[in-house]
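One-letter residues, chain by chain:
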Amino acid sequence: MPTEPALGTALARLESRWGSAAVRVGVGADQPLVDGALALAPQPAGPAEALVALPDEVIPTGFARLDALLGTGGLPRGVSASFRGARSSGKTTLALHCLAQAQARGGIVAFLDLCRIFDPIEAVARGIDLRWLLVLRPADAEEGWALAAALVAGRQIDLLVIDLPERLNARGHDASLRRLAAHARRSSVRMIVIEPTNLAAPIHGALAESVALRLELEPRGWLRAGRDIVGRYVQVNVAKNRFGLPGRETEIEIRYLVDGEHAAALNRFATADYQETAELQPLRLLHTA
Amino acid sequence: MRLLYLDWPHLCYRIEAARAMLPLRGQPSELVVIGGQPWEEGEVVDCSPAARRLGVERGLPLGTAHRLVPEARFLAADLPTYRRALEVALDALAAFTPSLEAEPDPGERAFGQALLGIEGLHRLWGDEETLTGRVVDIVAKLLPGKPRIGIANTRFGAQVAAVIGQGNLERVPVGDAAVEAAYLAPLSIKLLPAHDEAGDRLRVFGLTRIGQFGALSRSAVIARFGASGGELHDLACGLDGRQLQPRKPIAQLRAEAELEPPLETLEPLRFLLRNMCQALCEQLNARGAGATRAMLQLDVERGEPFILEQALPEPAAAPELLERLLFARLGNTRMPAAPVTRIAVELRGEQVVAGQQLGLFAPQLARAARLDWQLIGLALRFGQDRLLRARLLDPEAALVEQRSELFPAGADSGLATQSVA
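Here the structure is a predicted model, which is why all the values come from computation and not from measurement. (Residues numbered from 1 in each chain as written. Chains lettered and ligands numbered in written order. Predicted model: local features only at pLDDT ≥ 70, side-chain atom pairs only at ≥ 80, totals over all residues.)

A. Examining the pairing of strand S5 (residues 80-85) of chain A more closely. All names here are of chain A. Most of S5 is tucked away: 6 of the 6 residues are buried. Where burial is concerned, the two faces of S5 agree: the one with Ser-80, Ser-82 and Arg-84 and the one with Ala-81, Phe-83 and Gly-85 are both buried. Of the strand pairs in this sheet, S5 and strand S9 (residues 190-196) are connected by 6 bridges, and their pairing is parallel. Pairing of Ala-81 across the sheet is with Ile-192, part of S9. Pairing analysis gives 5 bridges linking S5 to strand S10 (residues 213-225), with the strands arranged parallel. Of the residues in S10, the one forming a bridge with Gly-85 is Leu-217. (Buried ≥ 20, exposed ≤ 12 C-beta atoms within 10 Å, placed from the backbone. Helix = DSSP H or I, 4+ residues; strand = E, 2+ residues; numbered from the N terminus. Pairing = 2+ DSSP bridges.)

This is the structure we're talking about:
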């Protein structure tokens, strides 16, 4: 397709900002020259998404509405994503759901805990099996990038969640993040970055460029059961999506774990299913020689 | 099947008494509790007969034992020494017959007992009395004190005979279950291994002899005492179905080298380490086996030996791998500032590498070993406290710190502990 240099630059910038699916060039007379997020009239979602080559392995986010919005049904293999939102907007919960879903599909997952706030109880209650979870606690962010890159390069984990602290200074971390995202892409490891809103601009820019999927979470209102507050409505905006149309929005319900659910989840973990699985482990034989 | 039963009661205490100062030795009234000091967390490993008479027993918390016998001497348990002493004796017994069952773990209740299958050994070692004499002569040099000895047709019969014999050889006549039952019939019912409640109920029913219990209908006993009562009834009738389970000698492959002159730098050690790993791995490969634990010991001129242990996620017999791993651990460790006079490498936990069992319901298990290998490398590079796993302790605990914990990822799946002996 012959394009003017200025147009090519503009398209590259737009793709970098909004994802490759945001700008499309039509091939026939009945199709507009440019569609996607920049089209004047929105195209139906079906045909546009059918053009996207869907990866075979996808991890759902645990929220059906959100999965339907993403076009691929979740996080494809080798894709980096960032969840951006204010405090208590549900981004960590969403990431924990993704970890649980990855484990449920036979994956081993890791959590780079730069904020040092990882709570195993919360993780178990959200459905994570602690046996297949690694928690990385580096001394500082630089060591964290090196540790995560080494772990990703081994290709033994399926999903890495990075919890970025709010006061992460910009010194060199943007380049490290870009490298790590490239590592993850080459190693076919999914990566989710939990991104606070007040992150330094260079790091935010690096994230915006290097991830394939960017979700912005914003609390909308309280979820009530009678007079009790049991959760929050969270507006999720697909700010960038390389596998579907960006700019879509949906609302998900982040439910708090009340005592009863908490205890039930922990009991389920501590007793029947977990132990049964552990006891039944030595059943299959693999002859390696 | 004829079984020879040997029992050294209070073997840990006997070993301590034999190596301790004279006042401890030969005084039956000496109150000694082995396991640690009363203020320490832990359990009683063994005690002297005098302390046993006052209520102290194996498994009792040390604080409780102190309340029972406050005047007793509390000694720390030297479990490796106890184990080594019994292992030596068992190796000697294994020369008589491979049908040898014994528990070498001092923490187990059966520690100090050995069961030999002696059926058909008369052609090699003479009749039962001659064989027993030879056995006793051999073990007398290796373990302190005289064992209780019994020979019978079943495991229970041999144990009872050893108790009845009181240090002398006691034999149950050769024969079937009826012969065994006839031997047991006049003996006290307290010899049956019934738990306290069942024993009390037997006494309430007026049963004082094993024969009286054996004469009862088995179905009636099961109706009254349950399945465990049925097992007791079988024992009383001379029917002990528990087979002898021969022990598997622990395979410890060890290579040592004296260094003359002593080495002051690590680099020359690498050459030695490689050769020793090569020699040991050749032996493993010849058996189609791999080791699951490697140990490196360095003796230094001044100070205590430096011991480094490395657990392996899966059985391995690759010399380059072991050499690199041990040397990397050595490089990351602060060594004693003294020349090394001796190096020893030991491979433990021998397992067959031909077949590995994987989990059926946890697909992650297929990659667990590879992940553990990777974690070993990452721990060497970044430190063991950087890669963690989480586990729940008590989710209902009042303090948040007590609800869960993060621990080094290799602590239970691969990475080793480092200790200085």
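Moving on from the coordinates now.
B. Region of interest: the confidence of the model for chain A. Residues and elements named next belong to chain A. Averaged over every residue, the pLDDT of chain A is 77; the share at 70 or more is 73%. Here residues 26-56 scores under 50 on pLDDT; set against residues more than four positions off or in separate chains, the count is 38 contacts. Long-range and interchain partners of residues 271-289, a stretch whose pLDDT sits below 50, account for 24 contacts in this model, where long-range means more than four residues apart. (pLDDT = per-residue confidence, 0-100. Contact = placed C-beta atoms within 7 Å.)

C. Just the sheet that holds strand S4 (residues 73-75) of chain B, in detail. Pairing within the open sheet is mixed, and its 3 strands lie in the order S3-S2-S4 (chain B). The open sheet terminates on both sides in strands that have one partner only, identified here as strand S3 (46-47) and S4 of chain B.

D. A look at the sheet that holds strand S15 (residues 387-392) of chain B. Taken in spatial order, the 10 strands of this open sheet run S12(A)-S11(A)-S10(A)-S5(A)-S9(A)-S8(A)-S6(A)-S7(A)-S15(B)-S16(B), and their pairing is mixed. Each of the sheet's edge strands pairs with one partner strand only, and the pair in question is strand S12 (249-255) of chain A together with strand S16 (404-408) of chain B. Along the sheet, successive strands turn relative to each other by an average axial angle of 30°, direction set aside. Pairing of strand S6 (residues 109-113) of chain A with strand S8 (residues 159-163) of chain A, which is carried by 5 bridges, proceeds in the parallel orientation. Its bridge partner being in S8 of chain A, Val-109 of chain A is matched across the sheet by Leu-159 of chain A. (Axes fitted to C-alpha atoms, helices over the stretch in contact; angles between N-to-C directions.)

E. Expanded view of the packing of helix H13 (residues 267-287) of chain B against helix H14 (residues 319-331) of chain B. Residues and elements named next belong to chain B. One can describe the packing of H13 onto H14 by two numbers: an axis separation of 8 Å at closest approach and a directional angle of 140°. When the axes of H13 and H14 are compared, the pair comes out oblique. The chirality of how H13 crosses H14 is right-handed. When H13 is examined against H14, the residues Arg-270, Leu-273, Arg-274, Cys-277, Gln-278 and Cys-281 are found in contact with a partner set consisting of Pro-319, Leu-322, Glu-323, Leu-326 and Phe-327. Residue composition of the contact of H13 with H14, grouped by class: 7 nonpolar, 1 polar and 3 charged. (Parallel < 35°, antiparallel > 145°, perpendicular 65-115°, else oblique. Left-handed = near helix turned anticlockwise from the far one by under 90°. Nonpolar A, V, L, I, M, F, W, Y, C, P; charged D, E, K, R; others polar.)

F. Layout of unusual backbone geometry. Residues Glu-260 of chain B and Pro-261 of chain B are joined by a peptide bond in cis, for which omega reads 5°. Note on placement: Pro-261 of chain B falls in strand S9 (residues 253-263). Within the chain, Ser-188 of chain A stands out as a residue other than glycine whose phi angle is a positive 60°. Within the fold, Ser-188 of chain A resides in the loop between helix H7 (173-186) and S9. What makes Ser-188 of chain A partly exposed here is the crowd of 15 C-beta atoms within 10 Å. With a phi close to 50°, Gln-166 of chain B is a non-glycine residue in the positive phi region. As for its position among the elements, Gln-166 of chain B is in the loop between helix H7 (155-165) and strand S8 (170-171).

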